[in-house]
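A look at the structure
Next come the chains, spelled out residue by residue.
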Amino acid sequence: MRKLILGAILAGTSLFALGTQAESLSPADIKIGRQYVELPTHVPVAQPGKIEVVELFWYGCPHCYQFEPSINAWAGKLPEDVSFRRVPALFGGLWNIHGQLFLTLEAMGVEPKVHTAIFDAIHKDGKKLATPEEMAEFLAGHGIDKDAFLKAYGSFNVKSQMEKAKKLAIAYQISGVPVMVVNGKYRFDLGSAGGPENTLQVADYLIEQERSAQ
């Protein structure tokens, strides 16, 4: 129960209310220390030469689920010089289990195929997806081989990616999700930006700022 309560707190820490959208931001409205913060130590990006945008999330987070339509549409229109990737937030318990699920599917190259289905299974259908066996059974219905999934889930490669994700969350100094980070320098969330659409406007602003600085 304690882990469930902690999970609920962390999932909502960055938000005042996802459904509350502040007035639309103009570039002149976006200020460091207000809508976003600069990390004291910049974090290296995964693809040097591209402007990186990271979303830290948890499959079990209702705010992340509600943010999905907006961020998916936005990510689908990003230019070639921008790299978007998701990183699971690992705060223990079910967070780590779902994070390992994500990283396993990513390692198998099939995560985009089932990303929305997993969110729907948890938030619409009430599935827990709390064990590798339950995950494998669910994923088999989406064309993913059970044995291949279970083998990858327990692999050294996936465990190594788990450690990297934990270190990233520490480096980004996150305390809840969903959170976004641009180019390993700037962190912001739905609460600081003023809602989903404003969050993406802040992302666009910082992308352009980084592009101009290159």
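UniProt annotates the protein as Thiol:disulfide interchange protein DsbA of Azotobacter vinelandii. According to the UniProt record, the Sequence similarities comment for the protein reads "Belongs to the thioredoxin family. DsbA subfamily."

Turning to the overall build of the protein, a few remarks are in order. For the protein, the helix and strand inventory stands at nine helices and five strands. The buried share of the protein, taken over its 214 residues, is 46%. Put simply, of all contacts in the protein between residues at least 6 apart along the chain, 75% involve residues at least 24 apart.

Moving on, we get to the side chain of Asn-183. With respect to the helices, strands and loops of the structure, Asn-183 is situated in the loop between β4 (179-182) and β5 (186-189). Contact partners of Asn-183, with chain neighbours within four places excluded, come to Val-43, Val-45, Lys-50, Ile-51, Glu-52 and Glu-210.

The next point concerns helix α6 (residues 146-153). All of the buried residues in α6 are Phe-149, Ala-152 and Tyr-153. An end-on view of α6 places all buried positions within 100° of arc, on one side of the element. Those residues of α6 that are exposed and aimed more than 90 degrees away from the buried face are Asp-147 and Lys-151. Where the residues of α6 are buried, they touch α3 (94-108), α5 (132-140) and α7 (156-172). At the N-terminal boundary of α6, the capping side chain belongs to Asp-145, with an oxygen 3.1 Å from the backbone nitrogen of Asp-147.

The alternating pattern of β4 places Val-179 and Val-181 on one face and Met-180 and Val-182 on the opposite face, and all of these are buried. In terms of strand pairing, strand β2 (residues 51-57) meets β4 through four bridges, oriented antiparallel. Its bridge partner being in β4, Glu-55 is matched across the sheet by Met-180. The sheet contact formed by β4 and β5 spans four bridges and is antiparallel. Bridged to Val-181 within β5 is Arg-187.

What counts and how
- Residues numbered from 1 in each chain as written.
- Predicted model: local features only at pLDDT ≥ 70, side-chain atom pairs only at ≥ 80, totals over all residues.
- Heavy atoms only, no water.
- UniProt positions renumbered as here; feature names shortened; annotations may be inferred.
- Helix = DSSP H or I, 4+ residues; strand = E, 2+ residues; numbered from the N terminus.
- Buried < 20%, exposed > 50% of the residue type's maximum accessible area, 1.4 Å probe, protein only.
- Contact = heavy atoms within 4.5 Å.
- Arc of directions from axis to C-beta.
- Polar contact = N/O pair within 3.5 Å; in protein donor to acceptor, adjacent residues only side chain to side chain.
- Pairing = 2+ DSSP bridges.

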